[in-house]
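Survey of secondary and tertiary structure
Residues per chain, in single letters:
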Amino acid sequence: MGASVEEARRALQAVSRLRGVTIAAVQAAPADKMDWAPVEGMFTFGDQARHIAAAQELYTDMALGKPVQPGQPSRDAYPSQSAIVAYLTESNARAQAALGALTPADLARTVSMRRSGTTLPVISLLWRMAGHEEHHKGSLFVYLRLLGVKPPSWWEVGLPKT
């Protein structure tokens, strides 16, 4: 049985909810700490966030069958906290619009993962996008704790208000 559009909707909903938490984490950080890293040579706070947005663009291009351009966007392209938040917001909006239009046949098509050489169906790529966001969001939470900032409540961000 192939992947359903409903399953894709659930995956994209998970990605979108996670993105809300990621944005809240970036907004919780002191604006002057975007270039801070806990150890020299590691991703800075801003690098982590820029990487999340860039990876979503890469996953989206892969899912759409477009050529991918791996790489980390330069700090100059998104130098400030507000620019990073805008990039995270825009990359998610583009992904949600493009990926939300995938058909069951699109979702069943396989893509090749460059690093591992494995192939997986596009629907699995959507869930992998959510897992990637979760992983790096966790790093942002650790960075916030190291900066003495309480991370946002991941449980409440993005939930519908009742």
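Everything discussed here concerns the structure shown above.
Residues numbered from 1 in each chain as written. Predicted model: local features only at pLDDT ≥ 70, side-chain atom pairs only at ≥ 80, totals over all residues. Heavy atoms only, no water.

Let's shift gears to the overall build of the protein chain. A count of helices and strands for the protein chain gives 5 helices and 2 strands. The order of helices and strands in the protein chain, counted from the N terminus, is α-α-α-α-β-β-α. Here the C-alpha atoms of the protein chain give a radius of gyration of 16 Å, agreeing with the 15 Å that 2.2 N^0.38 yields for 162 residues. The C-alpha extent of the protein chain, read off along each of the three principal axes, is 50 × 40 × 25 Å. Within the protein chain, buried positions represent 40% of all 162 residues. (Helix = DSSP H or I, 4+ residues; strand = E, 2+ residues; numbered from the N terminus. Rg over C-alpha atoms; globule rule 2.2 N^0.38 Å. Buried < 20%, exposed > 50% of the residue type's maximum accessible area, 1.4 Å probe, protein only.)

Tallied over the full model, the rule gives 7 salt bridges. In this structure, the salt-bridge partner of Glu 6 is Arg 9, at a minimum N-O distance of 2.6 Å. On the criterion of helical spacing, the pair formed by Glu 6 and Arg 9 is a turn pair, its members being 3 residues apart in helix H1 (residues 5-28). With a relative accessible area of 36%, Glu 6 lands in the partly exposed category. In this structure, a network of salt bridges that share partners links the residues Glu 6, Arg 9 and Arg 10. (Salt bridge = Lys/Arg side-chain N within 4 Å of Asp/Glu carboxyl O.)

Another point: the environment of Asp 106. By the secondary structure assignment, Asp 106 is in helix H4 (residues 104-108). Judged by its relative accessible area of 27%, Asp 106 falls in the partly exposed class. Between the C-alpha atom of Asp 106 and that of Leu 144, which follows or precedes it by 38 residues, the distance is 38 Å. Sequence-distant contacts of Asp 106, that is, excluding residues within four places in its chain, are made with Ala 101 and Val 122. (Contact = heavy atoms within 4.5 Å.)

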